[in-house]
Amino acid sequence: MAAVISPPPVPAEAFDRFPGRWVAIRNREVVADADTIAELEADARVDATDMLFRAPAPNSTFL
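All values derive from a computational prediction rather than experimental measurement.

Basis of the calculations
Residues numbered from 1 in each chain as written. Predicted model: local features only at pLDDT ≥ 70, side-chain atom pairs only at ≥ 80, totals over all residues. Heavy atoms only, no water. Pairing = 2+ DSSP bridges. Helix = DSSP H or I, 4+ residues; strand = E, 2+ residues; numbered from the N terminus. Axes fitted to C-alpha atoms, helices over the stretch in contact; angles between N-to-C directions. Core = buried A, V, L, I, M, F, W, Y, C linked by side-chain atoms within 4.5 Å. Buried < 20%, exposed > 50% of the residue type's maximum accessible area, 1.4 Å probe, protein only. Contact = heavy atoms within 4.5 Å.

Enquirer: How do you make sense of the sheet that holds strand 1 (residues 22-26) when you look at a structure like this?
Expert: Strand pairing in a sheet relies on backbone hydrogen bonds, with the paired strands running either antiparallel or parallel. Taking strand neighbours across the sheet as the criterion, the 3 strands line up as 2-1-3 in an open arrangement whose pairing is antiparallel. Every other strand in the sheet has two partners, leaving strand 2 (29-34) and strand 3 (51-54) as the edge strands with one partner each. Across the sheet, the axes of successive neighbouring strands diverge by a mean angle of 30°, strand direction being ignored. Where strand 1 and strand 3 come together, 4 bridges link them in antiparallel fashion.

This is the structure:
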């Protein structure tokens, strides 16, 4: 039996196009972006079931 690896929930587009911004993800697609999480939550395009994620800034370091 071969292992199945599912794609990550956050698309690469979020890192490439929205560095340092909050994004709403639905079905592995970015549906909205904003400077703050409050602005993103207030956006009419964002559903309660969307995943909210802050894309790291280009100079961020993961430890």
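Enquirer: Help me out: how do you make sense of the nonpolar core in this one?
Expert: Looking at soluble globular proteins, one finds that nonpolar side chains tend to be buried together. Val10, Ala14, Phe18, Val23, Ile25 and Val30 together form the largest nonpolar core, which totals 6 residues. In this view, Val30 contacts Pro11, Glu13, Ala14, Phe18, Val23, Ala24 and Ile25; residues no more than four positions away in its chain are not counted. If you look at the next biggest cluster of nonpolar residues, it comprises 5 residues, including Ala24, Ala34, Leu40 and Val46.

Enquirer: What am I meant to see in the pairing of strand 1 here?
Expert: Two faces make up the sheet, and in a regular strand the side chains alternate between them. Two elements, strand 1 and strand 2, share 5 bridges in a ladder whose sense is antiparallel. Counted as the bridge partner of Arg26 is Glu29 from strand 2.

Enquirer: Would you explain unusual backbone geometry in this entry?
Expert: Excluding glycine, residues mostly have negative phi values, and the peptide bonds linking residues are mostly trans. Here the phi dihedral of Asn27 falls at roughly 55°; this positive angle occurs in a residue that is not glycine. Inspection of the secondary structure puts Asn27 in the loop between strand 1 and strand 2. According to the relative accessible area criterion, Asn27 is exposed, its value standing at 71%. Even without being glycine, Arg28 reaches a positive phi, approximately 60°. Relative to the assigned elements, Arg28 resides in the loop between strand 1 and strand 2. Judged by its relative accessible area of 46%, Arg28 is partly exposed.

None of the figures reported here should be taken as evidence of function without further support.
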